[in-house]
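The lines below spell out each chain.
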Amino acid sequence: MSLPRRWTVALAAAALVVALVLPFTLSNFRLFQFTQVYIYAMALLGLNILTGYNGQISLGHGAFYAVGAYTTAIMIDQWGVPYGWTIVAAGLLCLVAGFLFGIPALRLEGLYLALATFALALAVPQILKYFEHWTGGSQGIVLAKPGAPWGLELSPDQWLYLLTLGVLVALFGLAANLLRGRTGRAIVAIRDNPVAAQAMGVNTALYKSLTFGVSAAYTGVAGALSALAIAFVAPDAFNVFLSITLLVGIVIGGLASISGAVFGALFIQFVPNWAQDISKAAPWAIYGVFLIVFMYAMPHGIAGSLRLAAGRWRRRRAGTTPAG
Amino acid sequence: VDTLIQQIVSGLATGGIYGSLALALVMIYQATDVVNYAQGEMAMFSTYLAWTLLNAGLPYWLAFVATLVIAFVGGLLLERVLIRPVESAPVLTIVIVCIGLLVILNSVAGWIYSYIQKPFPSPFPSKPIRVGNIYFGAHDLGALGVTLLVLVGLYVFFRFTTLGLAMRAAAQNPVSSRLCGIRVGWMLAIGWGLAALVGAVAGMMVAPIVFLDPNMMAGILIYAFASATLGGFTSPGGAVLGGLIVGVIENLVGTYVKFIGTELKLTVALVLILVVLLVRPSGLFGRPVVRRV
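## Overview of the overall build of chain A
Looking only at helices and strands, one finds 14 helices and 2 strands in chain A. Taken against the 2.2 N^0.38 rule, which gives 20 Å for 324 residues, the C-alpha radius of gyration of chain A at 20 Å falls within 12% of a compact globule. Seen along its three principal axes, the alpha-carbon backbone of chain A occupies a region of about 65 × 50 × 45 Å. Sequence-distant contacts in chain A: of pairs separated by 6 or more residues, those separated by 24 or more amount to 79%. Carbon and sulfur atoms provide 67% of the accessible area of chain A, an area that totals close to 14,400 Å². Taking the average location of the 18 positive side-chain charges in chain A and that of its 8 negative ones, the two points are 22 Å from each other.

Here is the structure:
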């Protein structure tokens, strides 16, 4: 029971207008936080394509986030590549990396895939520290925030915000198109019944590894932008808890939902900030409780619950009795 | 050669600890088809409880036993309260609930006990035992002994007691077992309790080596995963043996393969998991799972 299409478009347009006004009204710090929200939203969308739509559980998407971030950082720091290209490169590299990781993942289902990706997430900081020559070891790499191009009168924070917003809108449009058509149906069919999907002529192996690649690419682009926004990368930022944070985001926002990525991103950006005031450990305690409570009470997350509420409201207005 | 033997022995000791945690994982997996991601944190939390009891002035072995009892009851309750409602839910749901539990235990431990490392006493003498030119750490040998003791205890329990038989039956064929009058749900809960108990042993044995802190189990958990994968998720004995093998590999690789050293330890475990899953997904001693479509 989803909203009519014109409503969805109208809501998205309204949200976009608000998002475009924000940089000229908020302080730089708030703006940075919202930039971070958009970055998380991209990563969550990537993970959701894989886990929510395709049913492949990844507990290690922080690894691709790290690859994206380090691609950007190393290309700028070592080779002086213009930052715009490094974002593209990060996306492509993660596409390939994800595709390659997706191939062994074909043989791993459910729990075993979760296990392998969990191990990946745990191993990432060590690997980053090991290649000290490129990654700067545990010191990390410090970058400069890029300024606005073409002589625009924008502060670096405003420019990064708008850049991130632009990338986000493009990636969301891409995902919406990808998931609505034939490809999207194939991806979901593989999740719901792989055997039946194969019998219907879906090349499950190819689709699964491609989904892995696309998902990793989204997360990699997010990582690249985060390196620019924070202007610093260090191995310990990409520990296993980053991967768990992303998982929290898609569960709270809503599995198999595009708009859920935004709700999830808002949650993981702002809730820990508030909770931090109680105790250093509180954000994680809250994450954990939310994870479990949502799984029991709202398995479709915020987006799913809103959709249900909207459907109920429409039915009441139309005066029909709900089916089933 | 002396170094080699020494490394193998200390590898066996840490391997025993990986093995016991792997054993706990396998027990839960066999009983409920759940890989418990929170196993490490459950062990960590039990170890903190042991620390509290020790600080309250209890003698070591009394605190040890008390911790085991608490861990057993705690594991039982966790299954009843958290896992039971999602027992028949999709894998993703169960994984997420386990991850939620992991996060909660980790942060609550940090909240109560702070993130500062604490020393944890070993019940064994600190003086190494010398055989020829080789020194054995008394704690290493003790930990290995305790692990083997736990393994034998579990074997006896599952092989020779009615309750053990009922638990095996419940895991193998829940429907028939229920028809025979076995309370399958409770058998699963007891399985969780036992796994928590075994995890607590592992935690208390490893804490003197790695020190006590809320994140101490992350690295050990991944080695336990590697052990369970290597031995096969369907074989308890295999898990322990897998643990011993992994422990020895870890030590030998760390000593003799220079470019890996100790810095890429976790990566070794990752590669091991991937290789086993790709080459022989059922592990060395497991049987492949056949599913009817």
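## With respect to unusual backbone geometry
At A256(A), a residue that is not glycine, the phi angle is positive and equals roughly 55 degrees. Here A256(A) lies in the loop between α11 (240–253) and α12 (260–275). Looking at A256(A), the relative accessible area reads 22%, which means it is partly exposed. Despite not being glycine, S114(B) has its phi angle at roughly 65 degrees, a positive value. Within the secondary structure, S114(B) is located in the loop between α4 (91–113) and β1 (129–131). Classification of S114(B) by relative accessible area gives partly exposed; the value is 27%.

## Quick notes on the pattern of salt bridges
Overall, the coordinates contain 2 salt bridges over all chains when judged by the stated rule. Between D192(A) and R191(A) there is a salt bridge, with the nearest N and O atoms lying 2.9 Å from each other. Note on D192(A): relative accessible area 53%, which makes it exposed. The class for R191(A) is partly exposed, based on a relative accessible area of 33%. Note that E79(B) is salt-bridged to R80(B), the shortest N-O span being 3.6 Å. Overall, E79(B) belongs to the buried group, its relative accessible area being 0%. Taking the relative accessible area as the measure of exposure, R80(B) reaches 21% and is therefore partly exposed.

## Describing the layout of surface pockets
Over the atoms rolls a probe the size of a water molecule, and its path tells where empty space is left. Estimated volume of the second largest pocket: approximately 920 Å³. When contributions to the lining of the second largest pocket are tallied by element, the ones reaching two or more residues are α2 (28–53), α10 (204–230), β2 (232–233), α11, α12 and α13 (282–297) of chain A together with α4 of chain B. The leading source of residues in the lining of the second largest pocket is α12(A), at 4 residues. Of the residues belonging to the lining of the second largest pocket, the class tally is 19 nonpolar, 10 polar and 2 charged.

## What to know about the confidence of the model for chain B
All names here are of chain B. In the predicted model, chain B carries a mean pLDDT of 81, and 94% of its residues have values of at least 70. Least confident of the elements in chain B is strand β2 (residues 134–136), whose mean pLDDT is 72; most confident is helix α3 (residues 60–83), at 89. This prediction of the complex comes with two scores: 0.81 for pTM and 0.78 for ipTM.

## Notes on helix α11 (residues 265–279) of chain B
With 15 residues, α11(B) should reach 21 Å at 1.5 Å per residue; the first-to-last C-alpha distance of 21 Å fits that figure. Turning to α11(B), its buried residues number three or more, namely L266(B), T267(B), V268(B), A269(B), L270(B), L272(B), I273(B), L274(B), V276(B) and L277(B).

## Some details on the interface of chain A and chain B
Each partner contributes residues to the interface: chain A has 41 residues there, and chain B has 48 residues. When chain A packs against chain B, the two sides together hide about 3,900 Å² of surface, and 82% of this comes from carbon and sulfur. Interface area lost by chain A to chain B is led by L111(A), L115(A) and Y130(A), which between them contribute 17%. Scanning the region where chain A abuts chain B turns up 0 salt bridges.

## Points about the nonpolar core
With 191 residues, the main nonpolar core has L59(A), F118(A), F238(A), Y37(B), I99(B), F120(B) and F225(B) as its most contacted residues. Element by element, the count of residues in this core is highest for helix α8 (residues 184–210) of chain B, at 17 residues.

## Things to note about the side chain of S58(A)
Residues and elements named next belong to chain A. In this fold, S58 is placed in the loop between α2 and α3 (61–79). A polar atom in the side chain of S58 sits 3.2 Å from the backbone nitrogen of G60. Among the polar contacts made by the side chain of S58, one reaches the side chain of H61 at a distance of 2.9 Å.

## Some points on the packing of aromatic side chains
Evaluation of the coordinates by the stated rule reveals 20 aromatic pairs over all chains. With a centroid separation of 5.3 Å and 80 degrees between ring planes, the pair formed by F118(A) and Y37(B) is classed as edge-to-face. Of this pair, F118(A) sits in helix α5 (residues 110–130) while Y37(B) sits in the loop between α1 (2–32) and α2 (39–55), on two different chains. Between the aromatic rings of Y60(B) and W61(B), the centroid separation amounts to 5.2 Å while the plane-to-plane angle is 80 degrees, which identifies the pairing as edge-to-face. Among the residues examined, W61(B) registers a relative accessible area of 44% and is labelled partly exposed. Cluster of aromatic residues (ring-pair linked, three or more members): F267(A), Y287(A), F290(A) and F294(A). The ring of W186(B) has R80(B) sitting right over it, with the charged end atom 4.5 Å from the ring centre.

## Re a nonpolar patch on the surface
All names here are of chain A. Judged by side-chain polarity, W85, V88, L92, L95, V96, L100 and I103 come together as a nonpolar surface patch covering roughly 670 Å² of accessible area. By secondary structure assignment, the location of L100 is in helix α4 (residues 83–105). Since its relative accessible area comes to 51%, L100 is described here as exposed.

Rules of the game
- Residues numbered from 1 in each chain as written.
- Chains lettered and ligands numbered in written order.
- Predicted model: local features only at pLDDT ≥ 70, side-chain atom pairs only at ≥ 80, totals over all residues.
- Heavy atoms only, no water.
- Helix = DSSP H or I, 4+ residues; strand = E, 2+ residues; numbered from the N terminus.
- Rg over C-alpha atoms; globule rule 2.2 N^0.38 Å.
- Contact = heavy atoms within 4.5 Å.
- Areas by Shrake-Rupley, 256 points an atom, 1.4 Å probe, with all protein chains shown as cover.
- Lys, Arg positive; Asp, Glu negative; His and termini not counted.
- Charge placed at Lys NZ, Arg CZ, Asp CG, Glu CD.
- Buried < 20%, exposed > 50% of the residue type's maximum accessible area, 1.4 Å probe, protein only.
- Salt bridge = Lys/Arg side-chain N within 4 Å of Asp/Glu carboxyl O.
- 1 Å grid on protein atoms, 1.4 Å probe; cavity = no way out; pocket = protein on both sides within 12 Å on 5 of 7 lines; lining within 4 Å.
- Points joined across faces, edges and corners; volume = space filled by probe spheres on them.
- Nonpolar A, V, L, I, M, F, W, Y, C, P; charged D, E, K, R; others polar.
- pLDDT = per-residue confidence, 0-100.
- Expected span 1.5 Å × (residues − 1).
- Buried area = accessible area lost by both parts, 1.4 Å probe.
- Core = buried A, V, L, I, M, F, W, Y, C linked by side-chain atoms within 4.5 Å.
- Polar contact = N/O pair within 3.5 Å; in protein donor to acceptor, adjacent residues only side chain to side chain.
- Phe/Tyr/Trp six-rings, centres within 6.5 Å; stacked < 30°, edge-to-face > 60°.
- Lys NZ or Arg CZ within 6 Å of the ring centre and 35° of its normal.
- Patch = residues over 30% accessible without salt bridge, like charges linked within 9 Å, V, L, I, M, F, W, Y side chains within 5 Å.

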